[in-house]
Each structure stands twice: as structure tokens, then as C-alpha cells.
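# Residue-level structure breakdown
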Amino acid sequence: MKLLLHICCGPCTTYPLPVLRDAGIEVQGYFYNPNIHPFREFKKRMDGVRMLAEQEKLPVEYEQEYGLCEYLRRVVFHEHRRCQICYRMRLEQTAIKAREKGLEAFSTTLLYSRYQNHAAIRALGREMEEKYQIAFYYADFREGWQEGIDRSIDMDLYRQAYCGCIYSEQERYDRQLRQKKKKQGECENNCDR
Ligand code: SF4
């Protein structure tokens, strides 16, 4: 079977790729992630995928255009369900691309992450399968979570600190800010002045 694998980043590919190959599947990669912001981060993750692709001899097609506007147009005013919109954008485009390429199936490295809504990704994959009449290859790659992390460290791949969108970046820093404030509060409370 020839399959198009949507790739969100290098580390999330390290486990699914050998599993698919071991199952006798011929894998092509597809980097399409309008949800990764800001631009420097987008570039870093794309470069990380290039590094993995070289080491793994994986053919990958890269959508190199920075998709901030496209992503925001879909998400603004719907922030509460932004992940659903984000999964849909990426899975739909992957299904379309797989059909264009004449492949037999598509899948996504999002199925590897413990931080994503796995059930929603699976349901959307099935929906796209129906819509575009191309098989969605489902597997629960989360079982290889630690193995994937270990491999990405061994391969010296760039490992990101947040999911991708500017909202997830804000959440990351907000947490840090809260911790910082808490520390300052404790300091002040313990001060004799
Ligand atoms: S948190 Fe992650 S999955 Fe959700 S919208 Fe942002 S980039 Fe997409």
C-alpha cells in the first residue's frame, strides 16, 4: 500500500514511520501545517522534518507557505473549538493531496501525540475517508510515546515546547507568568520590609 503521511513535526514522526514501514507500507510524507506560529517556529519545525527525512530517506512534500492568515480566518470567533478546525484543515488537505498523487491511503502523525484529541482526529479521518473516497489508515501510535521521544533525542531533532498556534504559545507563557507571579508573591510575603 502507498500512503501519504501527514507530518506535523519531526519528533512525532519517529515512531509512526517505522511502524508503517514494518507493516509493508510505502510511505510518503506531507508537511502541511498552517497552525504553526510564529514564522521562525514554522521554519524550525519544517527544518526538523527535513533532517528526519534525510536520515530516514523519506520523500516529503512541503507546503512552505506560512499559513497564519489562512488559519486565523478559520479560527477567529471559534477559538473554543480551534483544535477541531485545525485537525480538519490538515486532514482534509492531506486526503486531497493523497488522491491527487494517486495513493491508496492517508494518515497523520497527530495520532502519535498524547496531547491531542485522539478520538476527534480519528473521527475526522473517517469523515475525510468518506468524503474523498480514500482510505484513512488509523493506528493508535500513542503506544510508542516514549520510544518516539527517545528516538527524536538520539536523532537530535528539534523538539518544540508548545503545540503550534499562537493560542497554544500564549498558554505556555501564561503558565510561566503565573508561576513567576506566585514566586514573587512568596518572596514578598517572606520579606521583612
Ligand atoms: S493547540 Fe495545537 S491542535 Fe489545537 S489549534 Fe493550536 S496548533 Fe492546532
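Residues numbered from 1 in each chain as written. Predicted model: local features only at pLDDT ≥ 70, side-chain atom pairs only at ≥ 80, totals over all residues. Heavy atoms only, no water.

Further remarks concern the site of the ligand. In the vicinity of the ligand, the contacting residues are N35, Y71, R82, C83, C86, Y87, R90, Q116, C163, G164, C165 and S168. Under a 2 Å grid-point criterion requiring more than half of the atoms, the pocket assigned to the ligand is the largest pocket. For the shell around the ligand, the element with the highest residue contribution is helix 4 (residues 82-100), accounting for five residues. Residues of the shell around the ligand, tallied by class, amount to six nonpolar, four polar and two charged. (Near = heavy atom within 4 Å. 1 Å grid on protein atoms, 1.4 Å probe; cavity = no way out; pocket = protein on both sides within 12 Å on 5 of 7 lines; lining within 4 Å. Sits in = over half its atoms within 2 Å of the grid points. Helix = DSSP H or I, 4+ residues; strand = E, 2+ residues; numbered from the N terminus. Nonpolar A, V, L, I, M, F, W, Y, C, P; charged D, E, K, R; others polar.)

The predicted model of the protein has a mean per-residue pLDDT of 93, with 93% of residues at 70 or higher. Residue range residues 186-193 is modelled with pLDDT below 50. Its contacts to residues more than four positions away, or to other chains, number zero contacts. (pLDDT = per-residue confidence, 0-100. Contact = heavy atoms within 4.5 Å.)

If you walk across this open sheet you meet the five strands as 3-2-1-4-5, and the pairing is parallel. This sheet does not close on itself; its edge strands, each paired only once, are strand 3 (60-62) and strand 5 (135-136). When strand 2 (residues 26-31) meets strand 3, the two strands line up parallel, connected through three bridges. Bridged to G29 within strand 3 is V60. Strands in contact with helix 4 are strand 1 (2-6), strand 2, strand 3 and strand 4 (105-108); relative to strand 4, the strand with the most contacts, it is inclined by about 150 degrees. (Pairing = 2+ DSSP bridges. Axes fitted to C-alpha atoms, helices over the stretch in contact; angles between N-to-C directions.)

Turning next to the pairing of strand 4. Residues A105 and S107 line one face of strand 4 and the alternating positions F106 and T108 line the opposite face, and both faces are buried. Inspection of the sheet shows strand 1 paired to strand 4 by four bridges, in the parallel sense. Its bridge partner being in strand 4, L5 is matched across the sheet by S107. Pairing of strand 4 with strand 5, which is carried by two bridges, proceeds in the parallel orientation. Paired with A105 across the two strands is A135, which belongs to strand 5. Taken together, strand 4, helix 5 (residues 118-132) and strand 5 form a β-α-β motif whose crossover is right-handed. (Buried < 20%, exposed > 50% of the residue type's maximum accessible area, 1.4 Å probe, protein only. Right-handed = clockwise from strand over helix to strand, strands pointing away.)

For the rest of this paragraph, the subject is the nonpolar core. The tendency in soluble globular proteins is for nonpolar side chains to be buried as a group. With 54 residues, the main nonpolar core has V27, F31, L58, V60 and F106 as its most contacted residues. For this core, the element with the most residues is helix 4, which contributes seven residues. Excluding residues within four positions of it along the chain, F31 makes contact with I7, C8, I36, F42, R45, M46, V49, V60, E61, Y62 and E63. (Core = buried A, V, L, I, M, F, W, Y, C linked by side-chain atoms within 4.5 Å.)

Across the five residues that make up strand 1, a large majority, four, are buried. The pairing of strand 1 with strand 2 spans five bridges and is parallel. Looking at the pairing, L3 lines up with V27 of strand 2.

We now examine the layout of surface pockets. Of the volumes computed, that of the largest pocket is approximately 700 Å³. Those elements that place two or more of their residues in the lining of the largest pocket are helix 4, helix 6 (145-154) and helix 7 (166-190). Class assignment for the residues of the lining of the largest pocket results in 18 nonpolar, seven polar and seven charged. (Points joined across faces, edges and corners; volume = space filled by probe spheres on them.)

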